[in-house]
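# Commentary on secondary and tertiary structure
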Amino acid sequence: MSLRDKLSEIKEKGLADIGQTDDLKALNEIRVHLLGKKGPITAALRGIKELTPEERPEVGSYANKIRDAITEAVAQHRDQLETIQLNKQLAAEKIDVTLPGKPVAQGQPHVIQQIIDQIVDLFLGMGYEVLTGPEVEEDKYNFEMMNLPKNHPARDMQDTFYLSKEILMRTQTSPMQARALEKHDFSKGPLKMISPGIVYRRDTDDPTHSHQFHQVEGLVIDEHITMADLKGTLITMAQNIFGDKFDIRLRPSYFPFTEPSVEVDVTCFNCMGKGCDVCKHTGWIEVLGAGMVHPNVLKMAGVDSDVYGGFAFGVGPDRFAMLKYGVDDIRDFYLNDVRFLNQFSKRGN
Amino acid sequence: MKVSYNWLKQYLDLNMPAKDLAEKIERTAVEVDSVTIAEDGLKKLVVGHILSMKKHPESDHLHICSVDVGEDEPLQIVCGAPNVDAGQKVIVALPNSRIGGNVKIKRSKMRGVESEGMICALDEIGFSKDVVPKEWADGIYVFDDDVPVGEPIYHYLGMDDPIIDLDVTPNRGDMLSIIGTVHDLAAIYDQKPEIKKPSVEEDQSLDANAEIKATADSGLAKAYKLRVVEGVKIAPSPTWLQITLWNAGIRPINNVVDVTNYILLKYGQPLHSFDKDKIDGDIVVRNAKKGEKLVTLDEDEHELSPDDMVIADNDQPIALAGVMGGFNTQIDDDTQNVVIESAIFDSFHIRKTAQRHVLHSEASQRFERGINPDGVEDALNEAVSMIKQLAGGKIAQGIVTASEYHPELPVISITAERANHVLGTSLKLEEIKRIFDRLEFPSVEHGDTLAVTVPARRWDIHIDADLFEEVARIYGYDNLPVTLPTGRQTIGVLTSTQRLQRASRQILEGIGLTQAISYSLTTDAKAKMFLMRDSEPTKLLWPMTQDHTTLRMNLVSGLLDDVAYNHAHKVDDVSLYETGRVFYKDSADQIRPEEVEHVAGVITGNLTDPAWNNHVKPADFYLMKGMVNQFIVNLGIKGEIAYSATDQYPEMHPGRTANISIHGHNVGFVGQIHPQIAKMFKIKETYAFELNMQALIDLPKNDDQYQPIAKYPSVKRDISMIVDSETTNDEIVAVMNKRGGAYLSAIRLFDVYEGENVPDGKKSMAYSLTYVNPRETLKDEVVNAAFEKIKKRLTADLNAEIR
């Protein structure tokens, strides 16, 4: 048998062995055996010296081809075996994907905070600044500068927590109107502000009353601000917070610090305007008070009411949250039952 | 004010459904509380004629009546009313009818006798007991004779009249009257109602001013007028008047009192009637004297204060002016001569008196909001004319006037430009003038301006803005354009403080705490807990309840209330945070407290729910500390955060509480709630932190620059040692940091152990140290030398046994 035939025979047998192996370890042994220094190819090539110098390169190169073919075959077969093994492993690793995931700790904002943030973000986008003020307020800012002089019927001692004759827990965020007006430099531009915060009333807590609740005051003062601007602003707010389908209506009302004053209703959440028990069959629900800032308020804060004017509004986030989510007891907001707090959407709307 | 639709129709041409009228009033004038039609919900109630009546054989109070209800055969109805009698025309609820309270009436047997329906009292068909005349209070109602038998009852009791209940704002006192409401609706619907001025037929033989004299301080009563009617005969009012009153929620009394109430409704002018013969001498309007008492018409006795305003005769008070009359001079069945009073009392006095005596009457409500000065005399005149008509008698000549008020009518000039500037409309001056024409406000054009005279009945209008409101509401808020403010641009951004506050909430939520909002007003005891600095409590002058008397000086106690509420409702796992103000005072004399932003958190139980793959451990000190530490780190405050054991808080566990400082500034504490405090709050083992948020806001922050990551590999060395139990982690770490050499970059404690294989009073601590040289690859020799030095110093300084 010629050396070439011998090599061919080694190749055939080798490839057959490789093909039959179903074990990666055995495959490696085959590779090491065939291609190693003590392997049959090396052994066969010892007989190369018997050949003529002309034949030697040809056989040598043939031997290299065989080596390459075997290497290639081993690699191919290894890939196959590895795929099989991986599939086996994957099959063995199968789990019940319906088992619950590992609990992750996640807190969330209070529902009233969510409403406040939503209002704040909306008005930031419209160029308003956010101002906050003291919760313990002077009578002067809370009442007098809001056009509520000492004997005014609307400032009943009964409704206010006083600390002294002149110091009280603010009953509204409106004092921030007076504070902002006093400070603002109109030569630098208009005053556009909202002021969220806690307010206090001397009320007995029940499902619809709380001695502590929230308000967001809004105020825009410039040389030419109209009631139509107020209407547009309120529609924007209502639709942003409640949804595009909601409409508003303005009704005449009375606040000492605005003239004209309006009360603002939005489409009833329950019946979407058709009329139901919730809205007393009117299709509307009252949500906030607003109006054109009373000239006296501007004058008392040192602003020229002949040149400047504008609108103000006051929103109750507690009431918004109650309406939006159907919460029927305002006290739930302040008891902080975690089962209550965790129900509200975490999406930030 | 309950307004009768039928009454309005006497002046105005209105034919829309009452609901639509109410909606129009809401959008244009004042709020509407409700629209009700008394007959709604009632069924098969007819006028019956009791043909005959006999006693029930089995009862001493029941009667068996044979009642004609307009059908072929009379019905047999058993009736227990004490006033039932043959010949009466009565309210009959037929079989299968529905009466008040949604009650169905069926054929039934009463003590063995069949009853085909029911004869009804007024309160049984839905009348409030407050408005049922005394005459019919204890029995069935009896109609006038001319009511047709078999007809539905509703029309004959005014129950078919829609009643619109107006919720009048403080500025619209004019709407507390039919005439005022008619004026406004006339403007809204552009109609011209005819409102007649009353005429009086005086008797020349009697002179009012000779009969009685009156004096009044004009500071108490701007206007005070009396008329005298002599020789009246007191009787029930005619049915139409009674219906008018009960539909307005007022109980009919007798023909004189009912007239005064009718005039009150019509004009908004409260009147009072005195029995002239019970007045001793003359009448004076004055302040009450100390010690004076008055029994009012409701038979309650009131101790009077000098702040109260009274009507008095020579001897004693006879009425609480403008609030309620006195029992001593009231009209009774024998009254013959009456004095009728029409006045404008000072609203402030009335309000205070009504509050002090808790007497909020139809009269006081109107005086508080104001009275039309133009109506005082008209109301008085119409009242005496009606009394004469209904009760007979002679009207004495003249009006007794103690004070008189005819204010000058304000004239306000406006321009179309200014009105449009405020409202955003584009109205022409003629259009604006048209609106004032509709309102019956006289106005005169002078070039671009319109001079508007405000009639006396609209005493709420003083300035141009008030007129713009009139223009806006009559023009219609629905017709206003919808725009957004334009003009100079402004930038809407949060301040850095506001951004930090928002970020701090997000950080705390990210580490698993849910935001709570608790009450700022708490008890004195809770306000004083967990005090981070010396402070006096801030107390309310007149708290509403004992639970909310004092402003909080900490947030943790409020959160503990929240935990307690959760525990009481079987929720064991609670993790909450709160941001908000605490209120500090340096001394008890200081009235206004300093308001400081704080942030606090609590955890009790498990942070996450235990599950098949989540073997949780209940919250402990180190979980709370880890959270608060991560919070401070995330805020990026410059300087080292240090924790030092403290027992300064009596409400905290003395061995498990640390003060927290940043760069040497104390900012708050973290620890376990003292078990006794936990017991007091009825809560389980709870951990808490509280930080001065304002301090965190004010402290300097790290520059926004990054540290390059070292390019060369780091080398790790672990060290395990046995030290005294009392030795703290801080002490060990301090030695390592001091002696660790230039390349020690991190120290991580990975094991703490006490127990088996460690001697008593000792503990085993194991740390992993990381060395790195940012400029070149560290050589083993360098690390080994540094590591050996640490070992040596730990042994020398802390008596550590290195293992």
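Residues numbered from 1 in each chain as written. Chains lettered and ligands numbered in written order. Predicted model: local features only at pLDDT ≥ 70, side-chain atom pairs only at ≥ 80, totals over all residues.

### Regarding the domain arrangement of chain B
Residue and element names in this part refer to chain B. Short version of the rule: By convention here, the domain bounds are inherited from an automatic or database domain assignment. Residue pairs qualify as contacts under a 7 Å threshold applied to their C-beta atoms, which are placed from the backbone. Counting from the N terminus, the helices are the DSSP runs of H or I reaching at least four residues and the strands are the DSSP runs of E reaching at least two. Throughout, the ten residues Ala, Val, Leu, Ile, Met, Phe, Trp, Tyr, Cys and Pro are labelled nonpolar, Asp, Glu, Lys and Arg are labelled charged, and all others, Gly among them, are labelled polar.
Domain assignment breaks chain B into domain 1 (2-37 + 162-189), domain 2 (43-157), domain 3 (202-403), domain 4 (412-479), domain 5 (496-698) and domain 6 (715-802). Here the C-alpha centre of domain 4 lies 22 Å away from the C-alpha centre of domain 1. Every contact between the two is made by 10 residues of domain 1 and, on the other side, 10 residues of domain 4. When residues of the side of domain 1 that touches domain 4 are traced back to their parent elements, those giving at least two are helix 2 (18-28) and helix 3 (178-189). Counting residues per element, the side of domain 1 that touches domain 4 draws most heavily on helix 3, which supplies four residues. Broken down by class, the residue content of the side of domain 1 that touches domain 4 amounts to three nonpolar, four polar and three charged.

### Overview of the sheet that holds strand 28 (residues 514-515) of chain B
Residues and elements named next belong to chain B. Selection criterion: In this analysis, strands are considered paired if DSSP registers two or more bridges between them. Note on geometry: axes are lines fitted to C-alpha atoms, helical ones only across the stretch in contact, with angles between N-to-C directions running from 0 to 180 degrees.
Spatial ordering of the open sheet is given by 28-32-33-37-36-35-34, a layout of seven strands whose pairing is mixed. Strand pairing shows two members of the sheet lacking a second neighbour, strand 28 and strand 34 (641-645), which therefore form its edges. Judged from the seven bridges that link them, strand 33 (residues 594-604) and strand 37 (residues 686-692) form a sheet pairing that is antiparallel. Paired with Val599 across the bridge in strand 37 is Leu691. Across the face of the sheet, helix 13 (residues 496-510) comes into contact with strand 28, strand 32 (574-584) and strand 33 while running at roughly 150 degrees to strand 32. Against the sheet, helix 15 (residues 556-568) makes contact with strand 32, strand 33, strand 36 (665-673) and strand 37, and its axis sits at roughly 35 degrees relative to strand 33, the strand it touches most.

### Observations regarding the pairing of strand 35 (residues 652-662) of chain B
It is a general feature of regular strands that their side chains alternate between the two faces of the sheet. Residue and element names in this part refer to chain B. Alignment of strand 34 against strand 35, held across five bridges, turns out to be antiparallel. Along strand 35, the bridge assignment pairs Tyr643 with Ile660. Linking strand 34 to strand 35, which pair antiparallel, is a turn of six residues. Pairing geometry for strand 35 and strand 36, over seven bridges, is antiparallel. Looking at the pairing, Asn659 lines up with Phe669 of strand 36. In this antiparallel pair of consecutive strands, strand 35 and strand 36, the connection spans two residues, and His663 shows a positive phi of 50 degrees.

### Brief notes about the sheet that holds strand 19 (residues 309-312) of chain B
All names here are of chain B. Read from one edge of the open sheet, five strands run 13-16-19-20-21, paired in mixed fashion. Only two strands of the sheet have a single partner each, and these edge strands are strand 13 (214-216) and strand 21 (324-325). As paired elements, strand 20 (residues 317-320) and strand 21 share two bridges and run antiparallel to each other. Looking at the pairing, Ala319 lines up with Gly325 of strand 21.

### Some details on the interface of chain B and chain A
Taken together, the contact pairs 82 residues of chain B with 77 residues of chain A. Ranked by the residues each element gives to the side of chain B that touches chain A, the list is headed by helix 12 (residues 464-475) of chain B, at six residues. Across the side of chain B that touches chain A, the residue classes tally to 40 nonpolar, 25 polar and 17 charged.

### Section: the confidence of the model for chain B
Under the convention used in this document: For every residue, the predictor states its confidence as a pLDDT score lying anywhere from 0 to 100.
With 100% of its residues at a pLDDT of at least 70, chain B reaches an overall mean of 94. Interface confidence in the predicted complex, given as ipTM, is 0.87; pTM for the same model is 0.87.

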